[in-house]
Amino acid sequence: MALLDILIYPDSRLHNKAKPVAQVDSRIQKLIDDMSETMYTAPGIGLAAPQVNVPERIIVVDISDKKDSLLAMVNPEIISSEGEDEHEEGCLSVPGVYAPVKRYKKIRVQALDKDGNSFELDAEGLLGVCIQHEIDHLDGKVFVDYLSHLKQDRIKKKMQKSMRHS
C-alpha cells in the first residue's frame, strides 16, 4: 500500500467531475487500499478519489472509533433521501477549517463494493453526512462551496497562506 498526496483547496482539480468506474479490477482494488491507508494516516473519516487526483467515482469511509469498519463505494449514487439536517463539517482537502453544512437527514445509496458486487445502504447521522460529503467530491464540489462568497474567499486566502509557509 502507498500513501497518496491529498489535494488542498483551492486546487482547481478538486472541482473536476469524476468519471464512473467501468470495471472493478485489481487496479481499483489497489487504489481503494491506498486511499484507505491515506485516509487513516491523515487522519480522516472519508476520502474521495478526486482528492488524491484520481478522477474516478470511488469513496472510502470509516466513522468507527477503532478504524475497523471500512466502507468502500464504487460509483455511489444517492437513490432516495429525506429530511434536512445541519452538521459541522471538515475536510482533508481543507485542513483546519470547519463549518455548518445542510445535508439530507437520511439517504439510501446504491454502489459497488471492493469486489464489484452491487449493494444498497441506508445511512443517517455521521455516516450519512460523510457519504454525502464524499459524493460531493465526485461531483466536483467541496464543502466550502456551500458557504458564502465572503467565507470562501477567507478560506482560500488562509489555505494559500498556509501552503506558502509549509
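This one's a predicted model, so the numbers in the text were calculated from it and none came from an experiment.

**A closer look at the nonpolar core**
Part 1: Within the largest apolar cluster, 16 residues are counted, with the highest numbers of intra-cluster contacts made by Ile28, Ile32, Met35, Leu47, Ile58, Val60 and Val74.
Part 2: Those elements that provide at least two residues to this core are helix H1 (26-41), strand S2 (58-61) and strand S3 (71-82).
Part 3: In terms of residue count, H1 provides more of this core than any other element does, five residues in total.
Part 4: For Val60, the residues in contact, after removing those within four places along its chain, are Ile32, Met35, Ser36, Met39, Ile45, Gly46, Leu47, Leu70, Leu71 and Ala72.
Part 5: Core analysis: the second largest hydrophobic core is formed by 15 residues, Ala48, Met73, Cys130 and Leu138 among them.

**Some words on the pattern of salt bridges**
Part 1: Tallied over the entire structure, the rule returns ten salt bridges.
Part 2: Between Lys114 and Asp33 there is a salt bridge; the shortest N-O distance is 2.4 Å. Of the two residues, Lys114 sits in the loop between strand S6 (106-112) and strand S7 (118-124) while Asp33 sits in helix H1, which places them 81 residues apart along the sequence.
Part 3: Taking relative accessible area as the criterion, Lys114 reaches 29% and is therefore assigned partly exposed.
Part 4: Residue classification places Asp33 among the partly exposed positions, given a relative accessible area of 26%.
Part 5: In this structure, the salt-bridge partner of Asp85 is Lys105, at a minimum N-O distance of 3.8 Å. Taken together, the residues span a long stretch of sequence, with Asp85 in strand S4 (residues 85-91) and Lys105 in the loop between strand S5 (94-103) and S6 at a distance of 20 residues.
Part 6: Given the relative accessible area of 27%, Asp85 is considered partly exposed.
Part 7: A cluster of three or more residues bridged by salt bridges with shared partners is formed by Glu89, Arg103 and Asp136.

**Section: the pairing of S7**
Regular strands show a simple pattern: their side chains alternate between the two faces of the sheet.
Part 1: With seven bridges connecting them, S6 and S7 associate as antiparallel partners. Bridge assignment links Val109 to a residue of S7, and that residue is Leu121.
Part 2: Hairpin remark: S6 followed by S7, antiparallel, with five residues in the connecting loop; positive phi at Gly116, about 90°.

Parameters and conventions
Residues numbered from 1 in each chain as written. Predicted model: local features only at pLDDT ≥ 70, side-chain atom pairs only at ≥ 80, totals over all residues. Heavy atoms only, no water. Core = buried A, V, L, I, M, F, W, Y, C linked by side-chain atoms within 4.5 Å. Buried < 20%, exposed > 50% of the residue type's maximum accessible area, 1.4 Å probe, protein only. Helix = DSSP H or I, 4+ residues; strand = E, 2+ residues; numbered from the N terminus. Contact = heavy atoms within 4.5 Å. Salt bridge = Lys/Arg side-chain N within 4 Å of Asp/Glu carboxyl O. Pairing = 2+ DSSP bridges.

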